[in-house]
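# Structural characterization, general
So the chains spell out like this:
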Amino acid sequence: MQIELKTPIGNTEILTQEDGLQQAKDWIDKNYPDRRIAVVTDSNVDRIYHEQLTKVFRDAMLHVVKAGEESKNLGEIEHLVDKLGEEGFDRNDVITGFGGGMITDLAGFAAASYKRGIKGLTLIPTSLLAMVDAAIGGKTGVNVRAKNDCGAFRPADHILLDPKFLNTLPEREFNAGMAEVIKYAATLDVSLAEDLMKERGEMDLKAILQKSAQAKVNIVQQDVKEGGLRQVLNFGHTFGHAVEKKSDYKLLHGEAVSIGIIYANKIAQKLGKQKPETGEQIKKLLERFKLPTELPEGMTIDDLHEYIVQDKKKSGKEITFIIAPEMGKWEMVKKTPEELVKLAR
Ligand code: GLY
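Report follows, based on the coordinates.

The rules behind these values
- Residues numbered from 1 in each chain as written.
- Predicted model: local features only at pLDDT ≥ 70, side-chain atom pairs only at ≥ 80, totals over all residues.
- Heavy atoms only, no water.
- Helix = DSSP H or I, 4+ residues; strand = E, 2+ residues; numbered from the N terminus.
- Rg over C-alpha atoms; globule rule 2.2 N^0.38 Å.
- Buried < 20%, exposed > 50% of the residue type's maximum accessible area, 1.4 Å probe, protein only.
- Contact = heavy atoms within 4.5 Å.
- Areas by Shrake-Rupley, 256 points an atom, 1.4 Å probe, with all protein chains shown as cover.
- Pairing = 2+ DSSP bridges.
- Core = buried A, V, L, I, M, F, W, Y, C linked by side-chain atoms within 4.5 Å.
- Near = heavy atom within 4 Å.
- Polar contact = N/O pair within 3.5 Å; in protein donor to acceptor, adjacent residues only side chain to side chain.
- Nonpolar A, V, L, I, M, F, W, Y, C, P; charged D, E, K, R; others polar.
- Axes fitted to C-alpha atoms, helices over the stretch in contact; angles between N-to-C directions.
- Parallel < 35°, antiparallel > 145°, perpendicular 65-115°, else oblique.
- Left-handed = near helix turned anticlockwise from the far one by under 90°.
- Expected span 1.5 Å × (residues − 1).
- Right-handed = clockwise from strand over helix to strand, strands pointing away.
- Salt bridge = Lys/Arg side-chain N within 4 Å of Asp/Glu carboxyl O.

Helices and strands together make up the secondary structure of the chain, namely 13 helices and 11 strands. Taking 20 Å as the expected radius of gyration for a compact globule of 345 residues, we find that the chain reaches 20 Å, a close match to that expectation. Structurally, the chain occupies a C-alpha span of about 60 × 45 × 40 Å along its principal axes. Classification of the 345 residues of the chain by burial places 56% in the buried group. In the chain, 73% of the contacts between residues at least 6 apart in sequence involve partners at least 24 apart. Surface exposure of the chain reaches about 15,300 Å², of which carbon and sulfur atoms provide 46%.

Side chains Ile3, Leu5 and Thr7 of strand β1 (residues 2–7) all project onto a buried face; the interleaved residues Gln2, Glu4 and Lys6 project onto a face where none is buried. As judged from the 6 bridges shared by β1 and strand β2 (residues 10–16), these two strands associate in the antiparallel manner. Counted as the bridge partner of Lys6 is Asn11 from β2. In textbook terms, the turn of a hairpin is the stretch between consecutive antiparallel strands, and for β1 and β2 this stretch comprises 2 residues.

Okay, the nonpolar core next. The biggest cluster of nonpolar side chains holds 110 residues, and the ones touching the most others in it are Phe57, Ile95, Phe98, Met178, Phe239 and Leu304. Examining the composition of this core, we find that 9 residues originate from one element, helix α10 (residues 253–270), more than from any other. Ignoring any residue separated from it by four or fewer positions in sequence, one finds Ile95 in contact with Ala38, Val40, Leu84, Ala107, Ala110, Ala111, Ile118, Gly120, Leu121 and Thr122.

Here we take up the site of the ligand. In the vicinity of the ligand, the residues found are Asp133, Lys139, Lys216, Arg230 and Leu233. In the environment of the ligand, a nitrogen atom lies 3.0 Å from a nitrogen or oxygen atom belonging to the side chain of Asp133. About the coverage of the ligand: the protein hides 84% of its 200 Å² of free accessible area. Residues of the shell around the ligand, tallied by class, amount to 1 nonpolar, no polar and 4 charged.

Strands sit in the order β1-β2-β9-β6-β5-β3-β4 across an open sheet of 7 strands; the sheet is mixed. Only two strands of the sheet have a single partner each, and these edge strands are β1 and β4 (61–65). Each neighbouring strand pair of the sheet contributes to a mean axis angle of 15°, computed without reference to strand direction. Taken together, the 6 bridges between strand β5 (residues 94–99) and strand β6 (residues 120–125) define a ladder with parallel strand orientation. Opposite Gly97, over in β6, you have Leu123 as the bridge partner. Against the sheet, helix α3 (residues 74–86) touches β3 (37–42), β4 and β5, its axis set at about 165° to β4.

Next up on the list: the side chain of Thr140. As for its placement among the helices and strands, Thr140 is situated in strand β7 (residues 139–142). Within the structure, Thr140 has its side chain in polar contact with the backbone oxygen of Ala152 (distance 2.8 Å). Once residues lying within four places of it in the same chain are set aside, the contact partners of Thr140 are Asp105, Gly108, Phe109, Gly151, Ala152 and Arg154.

Here the focus is the packing of α3 against helix α4 (residues 101–113). How two helices pack is summed up by the angle between their axes together with the distance between the axes. The interhelical angle for the contact between α3 and α4, taken along N-to-C directions, is 55°, at an axis separation of 10 Å. When the interaxial angle is binned, α3 and α4 end up oblique. The handedness of the crossing between α3 and α4 comes out as right-handed. Where α3 abuts α4, its residues Leu74, Glu76, Ile77 and Leu80 lie against Leu106, Phe109 and Ala110. Here the residues of the contact of α3 with α4 are counted per class, giving 6 nonpolar, no polar and 1 charged.

Moving on, we come to α3. An ideal rise of 1.5 Å per residue puts 18 Å on 13 residues; α3 measures up with 18 Å between its terminal C-alpha atoms. If you follow the buried residues of α3, they end up packed against β3, β4, β5, α4 and β7. For α3, the capping residue at the N-terminal end is Asn73, with a side-chain oxygen 3.0 Å from the backbone nitrogen of Gly75. Just downstream of α3 lies Gly88, where phi reads positive at about 80°.

Our focus in this paragraph is the pairing of β5. Most of β5 is tucked away, with 6 of its 6 residues classed as buried. Burial along β5 is two-sided: Val94, Thr96 and Phe98 and Ile95, Gly97 and Gly99, pointing in opposite directions, are all buried. Here 5 bridges tie β3 to β5, and the two strands are oriented parallel to one another. Pairing of Thr41 across the sheet is with Phe98, part of β5. For the crossover that starts at β5, traverses α4 and ends in the parallel β6, the hand is right-handed.

Another point: the pattern of salt bridges. All chains considered together, the criterion is met by 20 salt bridges. The shortest N-O distance in the salt bridge between Glu18 and Lys164 comes to 3.1 Å. Of the two residues, Glu18 is situated in the loop between β2 and α1 (20–31) and Lys164 in the loop between β9 (158–161) and α6 (171–187); the sequence distance between them amounts to 146 residues. The exposure class of Lys164 is partly exposed, given its relative accessible area of 44%. Of the charged contacts in the structure, one is a salt bridge between Lys290 and Glu171, with a shortest N-O distance of 2.9 Å. With a gap of 119 residues between them, Lys290 in the loop between α11 (276–288) and α12 (305–309) and Glu171 in helix α6 connect regions that are remote in the sequence. Residue Lys290 is classed as exposed on the basis of its relative accessible area of 63%. Residue class for Glu171 comes out partly exposed when judged on its relative accessible area of 46%. Bridged by salt links that share partners, the residues Arg35, Asp90 and Asp93 form one connected network.

Structure below.
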């Protein structure tokens, strides 16, 4: 099945197919015949898929970045731009990001900036988080002082979702990616909640990827630059980002978002906007994927205040906070960080 994301700054075709590397290469050959390709990947993904990758992308320039969030920096962009220049890449060529969210963000930012923007950007995400979230919607960038504080909006032309790549993903990362799927279930697509309650062996991962991608596309195509509506995708992220930072990134993004979702439910209930049964249903989904539902030992709600104040989605004094009044529905409420922390206590 093909999903199309159409935005004023570019369109994306999202395909869910096995044999992902070959499918992505065929798409590039058809849409960018005779153009050069630079494949950007990380050392973990390269270790697992090197043979397959170099067989399918035989003539491509391969650029391997050390695995880990620390590599998402401007220095890595400089290395990549330098290598593209040395190899004679021009504006009509193609960059392909093959990896998790760090790689899709880095490759995307390089595509947005190399010679003020290279024509082709295709992504082959390998983590669940990147498949259902990071790769979709054109947010690219690196970390300088804060996470993603230097970047550009640059939607990929093509994203290939191959559920087979999830077979090599560590379980903790798979579960963390599920926090974003649960976010879509809680706010945008109630049918995902049923899909997620199935046994792991019975779960239709292809359908879960497609429904998640479609949920995100429906929002992003109305508000690609996050003027308003796109903030819906921030459900669980206000407290989630704060917990992630306070834990010094020891918690994975999805694990911190899981805790953030619990606080979004608590706040919704205190405001009289969510029935406890809805909160319980969402919590059950998080627990199914062994996601944390309480703050780590030693961390308190009041510790989070300073990070919530720094929330980059804040405008003026208030934060647009997302709640799920019912499974599959969302509402925005405006609150100051002080009010949010008080409600979360
Ligand atoms: N990850 C949230 C967004 O893409 O807007």
